[in-house]
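Descriptive structure summary
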Amino acid sequence: MSAKHYEVIIVGGGISGAALFFELAKYSDVNSICLLEKYDDLATLNSKGTSNSQTIHVGDIETNYTFDKAKITKRTAKMIEKFNLMYDLQDKIMFKHQKMALGVGEKEVEFITNRYNQFKEIFPYLELWDKETLREKEPLLVYADKERTKDRPEPIVAMGTNDQYTTVDFGAMTKELVKAGQNANSEKTTDVYFNSEVDEIEKIADKFKVTTVNGTVYTADFVVVNAGAHSLYLAHKMGYGKHMGSLSMAGSFYITNGTYLNGKVYMVQNDKLPFAALHGDPDILCEGKTRFGPTALALLVLERYKGGKSFFQCLKTMNFDGNIMKIFWDLIKDSEIRNYVFKNFLFEIPGINKKLFVQDAQKIVPSLSVEDIEYAKGFGGVRPQVLNKEEKKLMLGEASINPGNGIIFNMTPSPGATSCLGNAERDIKEVCKYLGKAFHEEQFLADFTEK
Ligand SMILES: Cc1cc2nc3c(=O)[nH]c(=O)nc-3n(C[C@H](O)[C@H](O)[C@H](O)COP(=O)(O)OP(=O)(O)OC[C@H]3O[C@@H](n4cnc5c(N)ncnc54)[C@H](O)[C@@H]3O)c2cc1C
């Protein structure tokens, strides 16, 4: 039997692969699309609802985003909202919560106040909340003790909002994207194959031969690899992206046994640290509980909780040599980063982890105690942070390898779920241009641009 042929094969059934599947099916005249997923369901790794922070990162309360970056993220983040509204998924898998960036101590209070004055131009709905407003909105941020008899000693202020969509079950959204893609046009072929781990991709003449570990072979005119931390592994296998390595930063969470926060509370980012500051928020998949996290721990795996061979794949993907060593050395020689790395390692060690973690989380809720939190077992995921060997530095955010010959590899650390439809918009243009197909951009922009 000859191999089944598709115009486009997407490798990886997380939210990035699902977003491109949806866009190709609905907004292009590509007629045959195939999604190959390693496991027996969509979104079982980082896009799963319990693996990430469930936050639509718009740029309004993320203090590590510059003014210009916030403008760009706002556009792609709004696409998440548009999709969910278009398919009537609000209050089912997308929710409105109160959200804020909290400043603690004089320096941060000044920082948040200045930032509010600058960023309200992009986000006019933002409000500046003083201590008395916070006492009403989020009382546990204000009090030093559980009995609520005295206030915390430091000054606090927050910039926030009450009326925006903030939270999504990205795992459920992955499934909705695939469903919407399959229902978009009944004349198209939109196949999804589970238990289909891609082992090898070869370019033969003008086609790609895609072979799974089970030995099944498919062919395609264009391939997009959206395999999360595994994308770089597959790229290296084909000889692409050799100037990059990948560092797997696992993120874990701690969970309370009751409601501690009414909404999302993010903190001021330490510029030196490449990973998001700790935050606390209600978990939409654990009714009535508050999650704190994520932690940031370098792990030698490409995925968590699945066992298997990802340790060896991770070692290969790190692409270790003198340049990678130099990147690690530059990070570790800074005492703030060194302490942060060490502390995050201790956050995973039973016995001492809770005690240490609670000290950090007390910056949000000063009265939080060790008895209030549990390590959230089975929660969290891996952020594939890219190491650029040519520039000898850790790259923040996402990376895409596009050699221009019909294949693209995407690496998507946070906020990759928020930017999935924006990344897919970039890739659909590339796919259509290469294949000489039409991208129905007018329709796409009408559906996804803010009026
Ligand atoms: C702790 C943490 C918190 C985060 N918080 C947020 C947040 O609040 N907001 C936000 O926007 N983002 C957040 N992120 C980032 C976000 O979760 C990811 O960017 C996003 O889920 C990536 O989606 P993906 O589809 O690219 O990758 P994944 O979800 O990892 O999916 C990749 C898929 O590819 C499959 N696959 C792998 N190898 C193969 C192969 N060889 N063949 C076939 N299939 C394969 C996998 O099984 C998987 O289904 C967070 C991440 C972490 C770890």
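Residues numbered from 1 in each chain as written. Predicted model: local features only at pLDDT ≥ 70, side-chain atom pairs only at ≥ 80, totals over all residues. Heavy atoms only, no water.

Side note on the pairing of strand S11 (residues 217-225)
- In terms of residue burial, S11 counts as a mostly covered element, since eight of its nine residues are buried.
- Note: strand S10 (residues 207-212) against S11, four bridges, orientation antiparallel. Bridge pairing in S11 links phenylalanine 208 to alanine 220.
- Between S10 and S11, which pair antiparallel in sequence order, lie four residues; one of them, glycine 215, sits at a positive phi of approximately 95°.
- Judged from the three bridges that link them, S11 and strand S22 (residues 407-411) form a sheet pairing that is parallel. (Buried < 20%, exposed > 50% of the residue type's maximum accessible area, 1.4 Å probe, protein only. Helix = DSSP H or I, 4+ residues; strand = E, 2+ residues; numbered from the N terminus. Pairing = 2+ DSSP bridges.)

Focus: the packing of helix H1 (residues 15-27) against helix H12 (residues 441-448)
- Closest axis-to-axis distance for the H1/H12 pair is 10 Å, and the angle between their directions is 125°. It follows from the interaxial angle that H1 and H12 lie oblique. You can see that H1 and H12 cross each other, and the crossing is right-handed. Of the residues in H12, those touching H1 at Phe22, Glu23, Lys26 and Tyr27 are Gln443, Phe444, Asp447 and Phe448. (Axes fitted to C-alpha atoms, helices over the stretch in contact; angles between N-to-C directions. Parallel < 35°, antiparallel > 145°, perpendicular 65-115°, else oblique. Left-handed = near helix turned anticlockwise from the far one by under 90°. Contact = heavy atoms within 4.5 Å.)

A word on a nonpolar patch on the surface
- A cluster of nonpolar side chains, Leu300, Phe311, Phe312 and Leu315, forms an exposed patch at the surface whose accessible area comes to about 380 Å².
- Position of phenylalanine 311 relative to the elements: it lies in helix H7 (residues 310-318). (Patch = residues over 30% accessible without salt bridge, like charges linked within 9 Å, V, L, I, M, F, W, Y side chains within 5 Å. Areas by Shrake-Rupley, 256 points an atom, 1.4 Å probe, with all protein chains shown as cover. Salt bridge = Lys/Arg side-chain N within 4 Å of Asp/Glu carboxyl O.)

A word on the site of the ligand
- Around the ligand there are 41 residues in total, and Ser16, Glu37, Ser47, Thr412 and Thr418 lie nearest to it.
- Within the contact set of the ligand, an oxygen atom lies 2.9 Å away from a side-chain nitrogen or oxygen of asparagine 46.
- Contact distances for the ligand include 2.6 Å between an oxygen atom and a side-chain N or O atom of serine 47.
- The protein chains hide 98% of the 1000 Å² of surface that the ligand would expose on its own.
- Within the residue set of the shell around the ligand, elements represented by two or more residues are H1 and strand S19 (381-388).
- With three residues, S19 is the largest single contributor of residues to the shell around the ligand.
- A breakdown of the residues in the shell around the ligand according to their chemical character gives 15 nonpolar, 22 polar and four charged. (Near = heavy atom within 4 Å. Polar contact = N/O pair within 3.5 Å; in protein donor to acceptor, adjacent residues only side chain to side chain. Nonpolar A, V, L, I, M, F, W, Y, C, P; charged D, E, K, R; others polar.)

Details of the packing of aromatic side chains
- One pass over the full model with this rule turns up 20 aromatic pairs.
- Between phenylalanine 347 and phenylalanine 357, the aromatic rings sit 5.3 Å apart at their centres with planes inclined by 80°, giving edge-to-face as the arrangement. You can see phenylalanine 347 sitting in the loop between helix H9 (335-346) and helix H10 (353-361) and its partner phenylalanine 357 sitting in helix H10, a full ten residues away along the chain.
- The class of phenylalanine 357 is buried, set by a relative accessible area of 0%.
- Three or more aromatic residues joined by ring pairs make a cluster, and in this case those are Phe22, Tyr27, Phe83, Tyr87, Phe439, Phe444 and Phe448.
- Just above the ring of tyrosine 65 sits the side chain of lysine 69; from NZ or CZ to the centre is 4.3 Å.
- The side chain of arginine 291 reaches across the aromatic face of phenylalanine 253, ending 4.2 Å from its centre. (Phe/Tyr/Trp six-rings, centres within 6.5 Å; stacked < 30°, edge-to-face > 60°. Lys NZ or Arg CZ within 6 Å of the ring centre and 35° of its normal.)

Quick look at the sheet that holds S19
- One open sheet accounts for four strands, arranged S17-S12-S19-S20; its pairing is antiparallel. Of all the strands in the sheet, just strand S17 (297-298) and strand S20 (393-394) have a single pairing partner and so form its edges.
- Relative to S19, strand S12 (residues 244-251) runs antiparallel, the two being bridged by eight bridges. Each residue of the ladder has a partner; that of serine 248, found in S19, is proline 384.
- In this fold helix H8 (residues 322-332) packs onto S12, S19 and S20, with an angle of close to 110° to the strand it touches most, S19.

Quick notes on unusual backbone geometry
- Each neighbour pair has its own omega, and for glycine 293 with proline 294 the value is -10°, a cis peptide bond.
- Of note, proline 294 is situated in the loop between strand S16 (290-293) and S17.
- The amide bond that connects serine 414 to the next residue, proline 415, takes the cis arrangement and shows omega of 5°.
- Take proline 415: it is sitting in the loop between S22 and helix H11 (420-435).
- If you check the backbone angles, arginine 148 has positive phi at about 60° while not being a glycine.

Here's the deal with the pairing of strand S9 (residues 198-204)
- Examined bridge by bridge, S9 and S10 share six bridges and lie antiparallel to one another. The residue of S10 that forms the bridge with valine 198 is threonine 212.
- Connecting S9 to the next strand, S10, in antiparallel fashion are two residues, including alanine 205 with a positive phi near 55°.

Some words on the side chain of threonine 174
- Structurally, threonine 174 can be placed in helix H5 (residues 170-184).
- Not counting chain neighbours up to four residues away, the residues in contact with threonine 174 comprise Gly13, Gly14, Ile15, Ala18, Leu42, Ala43 and Ser47.

Structural notes on the side chain of lysine 78
- If you trace the backbone, lysine 78 turns up in helix H2 (residues 67-86).
- In terms of polar contacts, lysine 78 uses its side chain to reach the side chain of glutamine 164, at 3.3 Å.
- Once residues within four sequence positions are removed from consideration, lysine 78 is found in contact with Gln164 and Glu450.

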